[in-house]
Amino acid sequence: QVQLVESGGALVQAGRSLTLTCIVSGNMVAVGTVGWHRQGPGKERELVAALTRNGESSYADAVKGRFTIDRDNAQGTVHLRMNTLKPEDTADYYCAAVRRWDPSGTYVYWGQGTQVTVSS
């Protein structure tokens with residue numbers, strides 16, 4: 001089994017930077033692609049960044065060029081580095097992972113979430 005725990009959420013002013021951290025524990029060998037999702041007030045949950053074990057990353061258009069996802073498989077950590085934050089980035093952010101070797105790409109492991117609030 002795999003456990004994910006996020007941290008780093010905070011109240012920040014627009015234009016500032018913030019880094020979220022996800023600690024992965026348990027059977028880390030079972031972890032494939034990792035991703036950061038967010039859900040803002042009155043909005044659907046969306047995938048904002050994803051990263052495969054081989055280093056292939058993808059980003060939602062809304063965060064492209066501002067956010068960066070990275071991972072250290074040995075240490076079991078995943079980061080979401082967020083720059084030039086905007087009020088619309090306000091959301092609960094979740095770290096999640098896909099089972100290794102799962103071609104469906106379904107995120108099955110989830111953290112508890114961490115809150116990011118960006119003030120104007």
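Quick notes on the rules
Residues numbered from 1 in each chain as written. Predicted model: local features only at pLDDT ≥ 70, side-chain atom pairs only at ≥ 80, totals over all residues. Heavy atoms only, no water. Helix = DSSP H or I, 4+ residues; strand = E, 2+ residues; numbered from the N terminus. Disulfide = S-S within 2.5 Å. Buried < 20%, exposed > 50% of the residue type's maximum accessible area, 1.4 Å probe, protein only. Salt bridge = Lys/Arg side-chain N within 4 Å of Asp/Glu carboxyl O. Pairing = 2+ DSSP bridges. Axes fitted to C-alpha atoms, helices over the stretch in contact; angles between N-to-C directions. Contact = heavy atoms within 4.5 Å. Core = buried A, V, L, I, M, F, W, Y, C linked by side-chain atoms within 4.5 Å.

Draft legend 1. Up close: the environment of Gly 8. Mapped onto the secondary structure, Gly 8 falls in the loop between strand S1 (2-7) and strand S2 (11-13). In this structure, the C-alpha to C-alpha distance between Gly 8 and Ser 120, residues 112 residues apart in sequence, is 20 Å.

Draft legend 2. Region of the structure containing the state of the cysteines. Under the counting rule described, the total for this entry stands at one disulfide. At a sulfur-sulfur separation of 2.3 Å, the disulfide partner of Cys 22 is Cys 95. In this structure the cystine formed by Cys 22 and Cys 95 twists about its S-S bond by roughly -85°; its chirality is therefore left-handed. Placement of Cys 22 in strand S3 (residues 18-26) and of Cys 95 in strand S9 (residues 91-99) is noted, with a sequence separation of 73 residues between them. Among the residues examined, Cys 95 registers a relative accessible area of 0% and is labelled buried.

Draft legend 3. A look at the pattern of salt bridges. Inspection of the entire model under this criterion finds five salt bridges. Across the salt bridge formed by Lys 64 and Asp 61, the nearest N and O atoms sit 3.3 Å from each other.

Draft legend 4. Quick peek at the pairing of strand S7 (residues 67-72). Side chains Phe 67, Ile 69 and Arg 71 project from S7 onto a buried face, and the interleaved Thr 68, Asp 70 and Asp 72 project onto a face without burial. Count of turn residues in the S7/strand S8 (residues 77-82) antiparallel hairpin: four residues, of which Gly 76 carries a positive phi of about 70°.

Draft legend 5. Spatial organisation of the sheet that holds S7. Taken together, the four strands give an open sheet; going across it, the order is S1-S3-S8-S7, and neighbouring strands pair in antiparallel fashion. Looking at strand neighbours, the two that pair on one side only are S1 and S7, the edges of this open sheet. The average undirected angle you get between the axes of adjacent strands in this sheet is 15°. Pairing analysis gives six bridges linking S1 to S3, with the strands arranged antiparallel. In the strand pairing of S3, Gln 3 is matched with Ser 25.

Draft legend 6. Quick peek at the environment of Ser 57. Looking at the secondary structure, you find Ser 57 in strand S6 (residues 57-59). Ser 57 sits in the partly exposed class, given a relative accessible area of 42%. Distance from Ser 57 to Arg 71, taken between C-alpha atoms, is 11 Å for residues 14 residues apart in sequence. Leaving out residues up to four positions away in the same chain, Ser 57 has contacts with Ala 50, Leu 51 and Ile 69.

Draft legend 7. Summary view of the nonpolar core. With 29 residues, the main nonpolar core has Trp 36, Leu 80, Met 82 and Tyr 93 as its most contacted residues. Elements with a contribution of two residues or more to this core: S1, S3, strand S4 (31-39), strand S5 (46-51), S7, S8, S9 and strand S11 (114-119). Among residues more than four places away in sequence, those in contact with Met 82 are Arg 16, Ser 17, Leu 18, Leu 20, Arg 66, Phe 67, Tyr 93 and Val 116.

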